[in-house]
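Reading the structure
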Amino acid sequence: MKNIAVYLGLAILAAACASETPKSEAPVTEGGKATAPSTSQGTGSTSSPAQSADVQGNPLHDPNNVLSKRSVYFDFDSNVVKDEFRPLVQAHARYMVEHRDSRVRIEGNCDERGSREYNLALGQRRAEAVKKIMTVLGAPDARIETISYGEEKPVAMGHDESSWAKNRRADIKYAGE
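Notes on the structure follow.

1. What about the pairing of strand β5 (residues 144-150)?
Across the seven residues that make up β5, a large majority, five, are buried. Here strand β4 (residues 104-109) runs beside β5; their pairing, made up of six bridges, is parallel. Bridging across to β5, isoleucine 106 finds its partner in threonine 146. Handedness of the crossover joining β4 and β5 through helix α4 (residues 116-136) is recorded here as right-handed.

2. Side note on unusual backbone geometry
If you check the backbone angles, aspartate 77 has positive phi at about 55° while not being a glycine. Mapped onto the elements, aspartate 77 comes out in the loop between β3 (71-73) and α3 (86-98).

3. Focus on the packing of α3 against α4
Between α3 and α4, whose axes approach to 9 Å, the crossing angle comes to 55°. Judged by the angle between their axes, α3 and α4 are oblique. Crossing handedness for the pair α3 and α4: right-handed. Each of Arg86, Val89, His92, Ala93 and Met96 in α3 lies in contact with α4, whose residues at this interface are Val130, Ile133 and Met134. Grouping the amino acids of the contact of α3 with α4 by side-chain chemistry returns six nonpolar, one polar and one charged.

4. What about the environment of glutamate 107?
Residue position: glutamate 107 is located in strand β4. Taking the C-alpha atoms as reference points, glutamate 107 and isoleucine 172, 65 residues apart in sequence, are found 6.6 Å from one another. Those residues in contact with glutamate 107 that sit more than four places away from it in its chain are Ile147, Tyr149, Arg169, Ala170, Asp171 and Lys173. At 3.3 Å, the side chain of glutamate 107 forms a polar contact with the side chain of lysine 173.

5. Here we look at the sheet that holds β4
To summarise the sheet geometry, strands pair through backbone hydrogen bonds and adopt either a parallel or an antiparallel arrangement. A sheet is described by the order of its strands in space; here four strands give the open sequence β3-β6-β4-β5, paired in mixed fashion. The outermost strands of the open sheet, each flanked by one partner alone, are β3 and β5. Neighbour-to-neighbour, the strand axes of the sheet open up by a mean angle of 20°, direction not taken into account. The strands touched by α3 are β3, β4, β5 and β6 (169-174); relative to β6, the strand with the most contacts, the crossing angle is about 20°.

6. Observations regarding the pattern of salt bridges
Here the structure, examined in full by the defined rule, presents eleven salt bridges. One salt bridge connects arginine 105 with glutamate 107, and the closest N-O pair in it is separated by 2.7 Å. Classification of arginine 105 as partly exposed rests on a relative accessible area of 30%. Taking relative accessible area as the criterion, glutamate 107 reaches 2% and is therefore assigned buried. Members of the salt-bridge network, linked through shared partners, are Asp111, Arg113, Glu161 and Arg168.

The rules behind the values
- Residues numbered from 1 in each chain as written.
- Predicted model: local features only at pLDDT ≥ 70, side-chain atom pairs only at ≥ 80, totals over all residues.
- Heavy atoms only, no water.
- Buried < 20%, exposed > 50% of the residue type's maximum accessible area, 1.4 Å probe, protein only.
- Helix = DSSP H or I, 4+ residues; strand = E, 2+ residues; numbered from the N terminus.
- Pairing = 2+ DSSP bridges.
- Right-handed = clockwise from strand over helix to strand, strands pointing away.
- Axes fitted to C-alpha atoms, helices over the stretch in contact; angles between N-to-C directions.
- Parallel < 35°, antiparallel > 145°, perpendicular 65-115°, else oblique.
- Left-handed = near helix turned anticlockwise from the far one by under 90°.
- Contact = heavy atoms within 4.5 Å.
- Nonpolar A, V, L, I, M, F, W, Y, C, P; charged D, E, K, R; others polar.
- Polar contact = N/O pair within 3.5 Å; in protein donor to acceptor, adjacent residues only side chain to side chain.
- Salt bridge = Lys/Arg side-chain N within 4 Å of Asp/Glu carboxyl O.

Structure representation (structure tokens):
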């Protein structure tokens, strides 16, 4: 009975996401200031036409698409995926279902606190937690690899809560990128 409720909920979520209403571009936030997205292709542009086509054709590289976000952040000493990151994980699962040639590696990471062994195990649990959500939503288990780097690959080098929070994450990386 629980499975029926889960599938019904996912069907409702998918139907809600399939809106045909065109969306206007939202302002881009840059350093706390809202700026309108640039529509002109000035001569100072650093992107080539090939890069622009890749962004437009591939949602994984479109900064306005949720699929361009690849990190799921965790609370201290936890491997529970927070509610705020569930839509991100769901979007990646949906992408994998729709793109049968896609493969991902989920990399679990920790902050520097805790022993090396503990952090490797926690990083693995974090990666597995993201994978479990994706497989429940239909992403094929065989196309999702998990690995833990523990505290070995920090993105923030500080020794404070702000830095530690950035390092407690699982990164979703697509093969071939």
